[in-house]
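These are the residues of each chain, in order.
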Amino acid sequence: MSAALDIRSLSVRYGRTDVVRDVSIRVARGESYALVGESGSGKSTILRAVVGMVPDWRGEIEVDGAPRSALGQGAFAQHCQMVFQDPYASLHPRRTVDATLSEPLRIHGIGNRDAQVIEMMRSVGLDPRYRFRFPHQLSGGQRQRVAIARALMLDPKLLLLDEPTSALDVSVQAEILNLLVRLRAERGLTYVLVTHALPVVSFLCDRLGVLHKGQLVEETGVAALHDGAFRAPYARELYQASLGAGDRVRDAG
Amino acid sequence: MTALLELDNLRVSFPGPRGRVEVVRGVSFTLGRERLGIVGESGSGKSLTGRSILRLLRPPARVEVDALRFDGQDLMALSDRQMRRVRGARISMVMQDPRYSLNPVITVGDQIAEALRVHERIPRRAVQARVREMLEKVRIHDPERVMRLYPHEVSGGMGQRVMIAMMLIPQPDILIADEPTSALDVSVQAQVLDLIEEMIAENGMGLILISHDLDLVARYCDRVLVMNQGEVVEELQAGALHAARHPYTRALLDSVPRMDETREVLPVMDRSAGAGT
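Read on for a plain summary of the structure. Since the model is a prediction, treat every value here as computed from it, not as a measurement.

## Re the sheet that holds strand 11 (residues 231–237) of chain B
The strands making up a sheet are joined through hydrogen bonds of the backbone, oriented either antiparallel or parallel. Residue and element names in this part refer to chain B. With mixed pairing, the 6 strands of this open sheet are ordered in space as 7-8-9-3-10-11. Unpaired on one side and paired on the other, strand 7 (91–94) and strand 11 mark the two borders of the sheet. Going across the sheet, the axis of each strand differs from the next one's by a mean of 20°, ignoring polarity. As defined by bridge partners, strand 3 (residues 35–39) adjoins strand 10 (residues 223–228) across 4 bridges and the pair is classed as parallel. Among the inter-strand pairings, Val 39 is bridged to a residue of strand 10, identified as Val 226. Helix-sheet contacts for helix 7 (residues 156–168) involve strand 7 and strand 8 (174–178), and the interaxial angle to strand 7 is about 175°.

Following this line, the structure appears as structure tokens:
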């Protein structure tokens, strides 16, 4: 069976700097995969290369068995969507929730838009009374729900999540993470999550790849987060740094 | 322990469409030469509390307080001019993001030197030496080079170290750190906080660490105040975090995913009382 996302020997350069160096990742259908690393490790750049926001890359990217380049924009959009980090920046400030959610449908010539917008709002846990609100009239959590709803409007199979909760408060983060878990189960989605927060990976993902300076240094199951069984020295370092006081306090108590 | 800072019944309000809205509602605490953490989510009033102490809030914000006493003097009674002598020199503040809080068109060295010169009259050569020494203290290994750099040429972690150097060079008695590491990578966060901890211990200062991250605050402070909707809902000894009683604190602790997560669903707060998210 072809993978939901198959990246082979991907390299990206910005000017003279190699940001991503020879990275290969294979994400199976229905899987939830995390790319972790610190800023500048190239994790976001990989997602950007997949969606076509980085024009200059080498290697091969296949989505659901078809080469990225063979898919037109429309076909790709129906298959793969991205959710960005900051819901304060990723929504158009002068478009209502309704306009934001119905735009993808209009572009793709899909009818019955009213009903679909309302249904999607319910599905992501937004009361339909917010339909004609502007982003500034919504809270951070509500905005991220709108961003997720927008990504799901075309019923894609692959969702790329770039730090979807790091701009949110912890209690709101919990709500959005629960939502992502539920949506994945309901819709059979495949996730590729980019984050620096390992506990989020532990909750949301099956497998993770650790990036360091543009290279994939380790790939392992999330079980490694339970016992810290990482092989690569850098992965161990990242794990140790992420072991917050919380876990230590809990261990002690 | 003698109280260095005493805050009694702080209230901060902003004008709203239906009259003034109180966003800090009666916060009181005393601070000695110790480390106090203030935790809460966005909108809990934790940052406003920090800013009120330095009298940094401007109209339309209205700050009312029964007592705000620092080292025996009433801060509310000081003129702006007198207040400027307290700010920086005696109580200083590290802000969240070094990219926004450093002046982009002045070199790192000059900014730190300015912080020193404003508060002390010392010869220029001595200033340079002090700046170099301070940068070394915050573990910048090649201070000569870094002093000549502009803020955009340094990384986030280094920028925050520069901020800390700038805030500590006048040797204040209290450092207020408002989310000092939330703009930084996990691997750098610990370094910056360890540095703050060390500097505080070395100079015998008081620290107010403001953050949304309960675990982090518990790790670096002696005492933690948990704020929700403008009020302190619970005060805890940092080591006794797991003994938190208040439902809000419990909910805050439980809603964080853990490294060895096995829960299918994270508990979320009941927001039926508020507007919901």
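## What to know about the interface of chain B and chain A
If you look at the interface, chain B gives 28 residues, while chain A gives 38 residues. Both faces combined, the contact of chain B with chain A buries some 2,900 Å², and carbon together with sulfur accounts for 56% of it. Here chain B is connected to chain A by 0 salt bridges. Among the secondary structure elements, those contributing two or more residues to the side of chain B that touches chain A are helix 8 (186–203) and helix 9 (214–220) of chain B. Of the residues in the side of chain B that touches chain A, the class split is 11 nonpolar, 7 polar and 10 charged.

## Regarding the side chain of B:Arg55
As for its placement among the helices and strands, B:Arg55 is situated in the loop between helix 1 (46–53) and strand 4 (62–64). When near neighbours in sequence (up to four residues on either side) are disregarded, B:Arg55 contacts B:Leu75, B:Met76, B:Leu78, B:Ser79, B:Asp80, B:Met83 and B:Arg87.

## Let's talk about the packing of helix 4 (residues 108–119) of chain B against helix 5 (residues 124–137) of chain B
All names here are of chain B. With their axes 9 Å apart at the nearest point, helix 4 and helix 5 run at an angle of 115° to one another. Taken together, the axis directions place helix 4 and helix 5 in an arrangement best described as roughly perpendicular. Crossing angle aside, the handedness with which helix 4 passes helix 5 is right-handed. Within the contact between the two elements, helix 4 uses Gly 109, Ile 112, Ala 113, Leu 116 and Arg 117 and helix 5 uses Arg 124, Val 127, Arg 130, Val 131 and Leu 135. Broken down by class, the residue content of the contact of helix 4 with helix 5 amounts to 6 nonpolar, 1 polar and 3 charged.

## With respect to unusual backbone geometry
Glycine aside, residues mostly have negative phi, and peptide bonds are mostly found in the trans state. The peptide bond linking B:Pro59 to B:Pro60 adopts the cis configuration, its omega dihedral lying at 15°. Inspection of the secondary structure assignment puts B:Pro60 in the loop between helix 1 and strand 4. Here A:Lys213, not a glycine, exhibits a phi torsion of approximately 50°, which is positive. Along the chain, A:Lys213 falls in the loop between strand 9 (207–212) and strand 10 (215–221). By relative accessible area, A:Lys213 is classed as exposed at 56%.

Analysis parameters
Residue positions are given per chain, counted from 1 along the sequence in the order it is written. Key to labels: chains lettered from A, ligands numbered from 1, both in the order written. Only residues with pLDDT of 70 or above have their local features reported here, since the model is predicted, and side-chain atom pairs are shown and tallied only from 80 upward, although totals for entire chains, interfaces and linings are computed over all residues. Water and hydrogen atoms were dropped before computing side-chain values, which therefore reflect all heavy atoms in the structure. For two strands to count as paired, DSSP must find a minimum of two bridges between them. Helix and strand labels come from DSSP, where a helix needs a run of H or I of at least four residues and a strand needs a run of E of at least two; each type is numbered from the N terminus. Axis definition: a line fitted to C-alpha atoms, limited for helices to the stretch in contact. Angles are taken between N-to-C directions and run from 0 to 180 degrees. We call two residues contacting when some pair of their heavy atoms lies within 4.5 Å. Defined in terms of a 1.4 Å probe, buried area is the accessible area two parts forfeit on being brought together, summed over both. We count a salt bridge whenever a side-chain nitrogen from Lys or Arg sits within 4 Å of a carboxyl oxygen from Asp or Glu. Each residue receives one of three labels: charged for Asp, Glu, Lys and Arg, nonpolar for Ala, Val, Leu, Ile, Met, Phe, Trp, Tyr, Cys and Pro, and polar for the others, Gly being one of them. Angle categories are assigned with fixed cut-offs, so that under 35 degrees is roughly parallel, over 145 is roughly antiparallel, 65 to 115 is roughly perpendicular, and the rest are oblique. Helix crossings fall into two classes, left-handed where the near helix is turned counterclockwise from the far one by less than a right angle and right-handed where it is turned clockwise. Think of it in three bands: residues with accessible area under 20% of the maximum for their type are buried, residues over 50% are exposed, and the middle band is partly exposed, with areas taken using a 1.4 Å probe on protein chains only.

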